[in-house]
There are 2 protein chains.
Amino acid sequence: MRIVVLAGGIGGARFLRGLKAAAPDADLTVIGNTGDDIHLFGLKVCPDLDTVMYTLGGGINEEQGWGRTDETFRVKEELAAYGVGPEWFGLGDRDFATHIVRTQMLGAGYPLSAVTEALCARWKPGVRLLPMSDDRVETHVAIDEDGERKAVHFQEYWVRLRASVPAHAVVPVGADQAKPAPGVLEAIADADVVLFPPSNPVVSIGTILAVPGIREAIADAGVPVIGLSPIVGDAPVRGMADKVLAAVGVESTAAAVARHYGSGLLDGWLVDSVDEAAVAEVEAAGIRCRAVPLMMTGLDATAAMVREALAMAEEVRA
Amino acid sequence: MRIVVLAGGIGGARFLRGLKAAAPDADLTVIGNTGDDIHLFGLKVCPDLDTVMYTLGGGINEEQGWGRTDETFRVKEELAAYGVGPEWFGLGDRDFATHIVRTQMLGAGYPLSAVTEALCARWKPGVRLLPMSDDRVETHVAIDEDGERKAVHFQEYWVRLRASVPAHAVVPVGADQAKPAPGVLEAIADADVVLFPPSNPVVSIGTILAVPGIREAIADAGVPVIGLSPIVGDAPVRGMADKVLAAVGVESTAAAVARHYGSGLLDGWLVDSVDEAAVAEVEAAGIRCRAVPLMMTGLDATAAMVREALAMAEEVRA
């Protein structure tokens, strides 16, 4: 079975762990969000790709969900001693090596997809990890700060400001000119199932879908497309998805996110057991829906979620 | 008193410490060798400039004479785990930060001289540290390896091969097209004394002198130019200067190095007490010479060497 997964960072990576456990023989292709990529200290940092790679490759800091385990911060301390920031983005020494290798390879002319493949040769994540695009896409968020409307990089909104101010708009700058990375459209066309993990519907999955050709390829693939709600009981399970949902005019409810994806894209939608009441609303929108436990409290719970999604895919297919 | 010093790495840096102690009120400009600069992991590394900066700024690893004190090697370990080398060049985590800042600034368009000034704003070395040139100059060494004559980067010859094979030629690639960095010629023209520390006469001071205009400016400055022999008793005090001296056809003796610089450049030359016999030979070549203790065994010994050099400068002037 060939499964394509659109993934953001922490939520997507943990979901993929459950997927590997639930479908150990499946052929897995992950299309990773690169809209939150950022240049820091002259180095290219790809937080979502790295979170997937480290999580599936056994290098992740389990507690925080991103960055490397057994990490130190010598390089960052020294950069601060030079007065070079930003200080709000926590790059550890081990993590720096990844960004150094990536930047060196990009500088030598390799596209991000080839770089990602080279990095994965070490981490052996057990999935084929593709960036959504080799072209630069950068999610910017419009906010008011110091009395002025301005656009900041998504990481600045998310990490520096911790989404503490309203987002007036979320714009994947460059997405309209970006091309899907080599292999992305082919993987979708060849897939038996497409899954949307409980990742951020705006800045993770939404950004991937903003690359021209990807949404269309998924809609046209003629295979079940099943999503899992990142909203449980009207609040994001993790992170601050409600802030960016508001920016695109979507309520923070499991049903509203399903309608946001739409029946033209989504065949099935899993909501959490506490959102049983949303099932009818989602089905009224033409999307098959079921309420099941959706808290990724551990590998078993996550694998059970995956099995529900794959079971729903079979129902859709039948 | 305005003193200009041409400096390589470890020897030059230790000499400068003695100079600061012996002449605390002097205005010191250091023209640093950049011929051993190297790009590693996509980062610009300037070993000699950094050794001067760290030594005078209190960050040097005192035992090895280069690199940072209290160093760890996480980044390097990770790069090796990615299969990315070279592994023979020992960059520590703290040191990496310097190269990251430098590379970021160079990428943003700042010349190396401006970058060096910015780095020194942290280290406050107490001297004005200028790279010999903002243009790329890279010392290559011709060697025989695996039955073939080939050119390797100086660092590869010095660090990887530890100068264990004969050097057939030493070429400062790019030097003929390089321009002295801003301030270099002005500092020489304004100097009261020019000093050549006991640095490598070929790959350190020789490379600086290979930048068109610098040798001429020193010869034309009309001020005493005093050097200290890096060769004591027919062997280099430190390092492997004999290997590269052989490549340029110069004997490893204190007198031969003085003649190599020549009376057109050098007014005075200090040899070690054990080389008393060289004094007459050097003076016969038209260069004032004296035998004094030249082992930089500590700050006091080095300061005493500096005082001898400055005393000789006064004699030349008188």
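The model shown is predicted, which means the values in this text are computed figures rather than measured ones.

1. Quick notes on empty space enclosed by the protein
All names here are of chain B. In this structure the tally under the stated criterion is 3 cavities of 30 Å³ or more. Along the walls of the largest cavity sit Ile 10, Arg 14, Arg 17, Thr 55, Ile 60, Asn 61, Glu 62 and Gly 65, which together make up its complete lining. Per element, the largest residue contribution to the lining of the largest cavity is 3 residues, and it comes from helix H1 (residues 10-22). Per-class residue counts for the lining of the largest cavity are 2 nonpolar, 3 polar and 3 charged.

2. Considering the relation of the copies chain B and chain A
When chain B is fitted to chain A, the best match, at an RMSD of 0.0 Å, comes from turning it 180° and sliding it 0.0 Å along the axis. A rotation of that kind, with that shift, is consistent with a two-fold axis. Taking the C-alpha atom as reference, chain B places Asp93(B) closest to the rotation axis, 3.5 Å from it. Of the interface residues in chain B, 100% have counterparts in chain A that sit at the interface too, so the contact is made through matching surfaces.

3. Details of the sheet that holds strand E5 (residues 128-131) of chain A
All names here are of chain A. The sheet built from 7 strands is open, its strands ordered E5-E2-E1-E9-E10-E13-E14 with parallel pairing. Looking at the sheet topology across the chains shown, the edges are occupied by E5 and strand E14 (288-292). Across the sheet, the mean angle from the axis of one strand to that of its neighbour is 20°, orientation sign disregarded. The pairing of strand E13 (residues 268-272) with E14 spans 5 bridges and is parallel. Bridging from a neighbouring strand, Gly 268 pairs with Arg 288 of E14. Sheet strands in contact with helix H1 (residues 10-22) are strand E1 (2-7), strand E2 (27-32), strand E9 (193-196) and strand E10 (225-228), and its direction is about 165° off that of E1. Its contacts with the sheet put helix H13 (residues 299-317) on E1, E9, E10, E13 and E14, and the angle it makes with E14 is roughly 155°.

Reading the values: rules and limits
- Residues numbered from 1 in each chain as written.
- Chains lettered and ligands numbered in written order.
- Predicted model: local features only at pLDDT ≥ 70, side-chain atom pairs only at ≥ 80, totals over all residues.
- Heavy atoms only, no water.
- 1 Å grid on protein atoms, 1.4 Å probe; cavity = no way out; pocket = protein on both sides within 12 Å on 5 of 7 lines; lining within 4 Å.
- Points joined across faces, edges and corners; volume = space filled by probe spheres on them.
- Helix = DSSP H or I, 4+ residues; strand = E, 2+ residues; numbered from the N terminus.
- Nonpolar A, V, L, I, M, F, W, Y, C, P; charged D, E, K, R; others polar.
- Least-squares fit on C-alpha atoms with pLDDT ≥ 70 in both.
- Contact = heavy atoms within 4.5 Å.
- Pairing = 2+ DSSP bridges.
- Axes fitted to C-alpha atoms, helices over the stretch in contact; angles between N-to-C directions.

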